[in-house]
Amino acid sequence: MKDETARRVVHTAAFGNPGPRQEGTADVAYVSGELYRISAGGHRLMTDQPGSAGGGDLAPTPVELFVTSLAACMAYYAGRYLHRHGKTRDGLRVETAYAMAEDRPARVARVTMRVVVPADLTERQREVLLSVVHHCTVHNSLLRPPKIEIELA
């Protein structure tokens, strides 16, 4: 019982209390060439393709956005952990590398993440922080993929 209570305390300290459920919408609209405008949560950004794929290389590709959304989510979770424990977030970053599958269907086959954190963490804090980033929402969504429904309008 004592170990279970300690585990719950560590879990709450690391992950915090779950917030309200979020639902949302996004819209992706054609602009020109291979350039598309993304509207999500009141924000706008673009996605494009490199010149070798017919685009103008004016914005990240959808695959780059996919990989960086995972990195951004992990950075956010790491940052929350550091803040809760009185540590600086200065210098915090997540470096990523990815490789596409060589077979079909086209997909990302491998993603490598390197979380760069302040040097003043104890070994135990580093272990907990690693556990925290493994539980970010985007990572969880990849481990337990959502049901995807596609229809034509």
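See the structure above.
Each chain has its residues counted from 1, running along the sequence as written. Since the coordinates come from a predicted model, pLDDT governs what is reported: local features require at least 70, and pairs of side-chain atoms require 80 or more to be given and counted, while whole-chain, interface and lining totals use all residues. Heavy atoms throughout the structure, all of them, feed into the side-chain values; hydrogens and water do not.

S.K.: Just to check I follow, could you spell out the packing of aromatic side chains for this structure?
M.R.: Under the pairing criterion, centres of Phe, Tyr and Trp rings, with the six-membered ring standing for Trp, must be within 6.5 Å; the plane angle then separates stacked pairs below 30 degrees from edge-to-face pairs above 60, leaving the rest tilted. Under the counting rule described, the total for this entry stands at 2 aromatic pairs. Taking 5.6 Å as the distance between ring centres and 70° as the angle between the ring planes, the aromatic pair formed by Tyr-30 and Tyr-36 counts as edge-to-face. Look at Tyr-76 and Tyr-77: their rings are 5.7 Å apart centre to centre, the planes differ by 80°, and that puts the pair in the edge-to-face class. Accessible area is worked out with a 1.4 Å probe on protein chains only. A residue is then buried under 20% of its type maximum, exposed over 50%, and partly exposed in between. A relative accessible area of 46% places Tyr-76 in the partly exposed class. Judged by relative accessible area, Tyr-77 falls into the buried class, the value being 14%. We count a charge as sitting over a ring when the NZ of a lysine or the CZ of an arginine lies within 6 Å of the ring centre and within 35 degrees of the ring normal. It is Arg-80 that lies over the ring of Tyr-77; its NZ or CZ is 5.2 Å from the centre.

S.K.: Explain the side chain of Thr-47 here, please?
M.R.: On the secondary structure map, Thr-47 appears in strand S3 (residues 43–47). Residue classification places Thr-47 among the buried positions, given a relative accessible area of 6%. Contacts described as polar in this section are N or O atom pairs within 3.5 Å, which, within protein, must combine one atom able to donate a hydrogen with one able to accept it, while residues neighboring in sequence count only if both atoms come from side chains. A distance of 2.8 Å separates a polar side-chain atom of Thr-47 from the backbone oxygen of Pro-60. By definition, any uninterrupted DSSP run of H or I lasting at least four residues is a helix, any uninterrupted run of E lasting at least two residues is a strand, and each is numbered from the N terminus.

S.K.: Which parts of the structure should I look at to understand unusual backbone geometry?
M.R.: Phi is mostly negative for residues that are not glycine, and the peptide bonds are mostly trans. The residue after Arg-104, namely Pro-105, is reached through a cis peptide bond having omega 0°. Secondary-structure assignment places Pro-105 in the loop between strand S4 (93–100) and strand S5 (108–116). Unusually for a residue other than glycine, Asp-57 sits at a positive phi of about 55°. As for its placement among the helices and strands, Asp-57 is situated in the loop between S3 and helix H2 (62–84). Residue Asp-57 is classed as exposed on the basis of its relative accessible area of 52%.

S.K.: In this structure, what is going on with the sheet that holds strand S2 (residues 35–40)? I would like to understand it.
M.R.: The strands that make up a sheet pair up through hydrogen bonds in the backbone, lying either parallel or antiparallel. Read across the open sheet, the 3 strands follow the order S1-S2-S3; overall the sheet is antiparallel. Strands with a single pairing partner mark the edges of an open sheet, and in this sheet they are strand S1 (26–32) and S3. Looking at each pair of strands side by side, their axes are set apart by 25° on average, direction ignored. Pairing between two strands requires that DSSP report at least two bridges joining them. Bridge analysis of S1 against S2 gives 6 bridges, and the strand direction is antiparallel. Looking at S2, one finds that Ala-29 is bridged to Arg-37. To define axes, lines are fitted to C-alpha atoms, for helices over the stretch in contact only, and angles between the resulting N-to-C directions are given on a 0 to 180 degree scale.

S.K.: So what exactly am I meant to see when it comes to the pattern of salt bridges here?
M.R.: Pairing between side chains of opposite charge can happen when their charged atoms approach one another. The term salt bridge refers to a pairing of a side-chain nitrogen on Lys or Arg with a carboxyl oxygen on Asp or Glu at a separation within 4 Å. On inspection of all chains with the given rule, the structure shows 6 salt bridges. Across the salt bridge formed by Arg-93 and Glu-95, the nearest N and O atoms sit 2.8 Å from each other. Here Arg-114 and Glu-95 are joined by a salt bridge, their closest N and O atoms 2.8 Å apart. Here Arg-114 is found in strand S5, whereas its partner Glu-95 is found in strand S4, with 19 residues between them in sequence.

S.K.: Would you explain H2 in this entry?
M.R.: For the α-helix, the turn length of 3.6 residues means that residues three or four positions removed from each other point alike. By this rule, a helix spans an expected 1.5 Å times one less than how many residues it contains. Over its 23 residues, H2 extends 33 Å from the first C-alpha to the last, a length consistent with the 33 Å expected when each residue adds 1.5 Å. Val-67, Leu-70, Ala-71, Cys-73, Met-74, Tyr-77, Ala-78, Gly-79, Tyr-81 and Leu-82 are the residues of H2 that are buried. Gly-86 sits one or two positions beyond H2 and adopts a positive phi of about 70°.

S.K.: What's the story with helix H3 (residues 123–134) in this structure? I'm lost.
M.R.: A rise of 1.5 Å per residue sets the reference length of H3, with its 12 residues, at 16 Å; its end C-alpha atoms lie 17 Å apart and thus fit the reference within 8%. Taken residue by residue, H3 has Gln-125, Val-128, Leu-129, Val-132 and Val-133 as its buried positions. Projected down its long axis, H3 shows its buried positions confined to an angular sector of 135°, all on one face. The arc in question is formed by the directions pointing from the helix axis toward the C-beta atoms.

S.K.: Where do I start with the state of the cysteines in this structure?
M.R.: Note on terminology: a disulfide is the covalent bond linking the sulfur atoms of two cysteines. Our working definition of a disulfide is a cysteine sulfur pair at a distance within 2.5 Å. This structure, assessed with the given rule, holds 0 disulfides. This cysteine, Cys-73, is not joined by any disulfide, and Cys-136 carries the nearest cysteine sulfur, 3.0 Å off. On the basis of relative accessibility, which here comes to 10%, the residue Cys-73 falls in the buried class.

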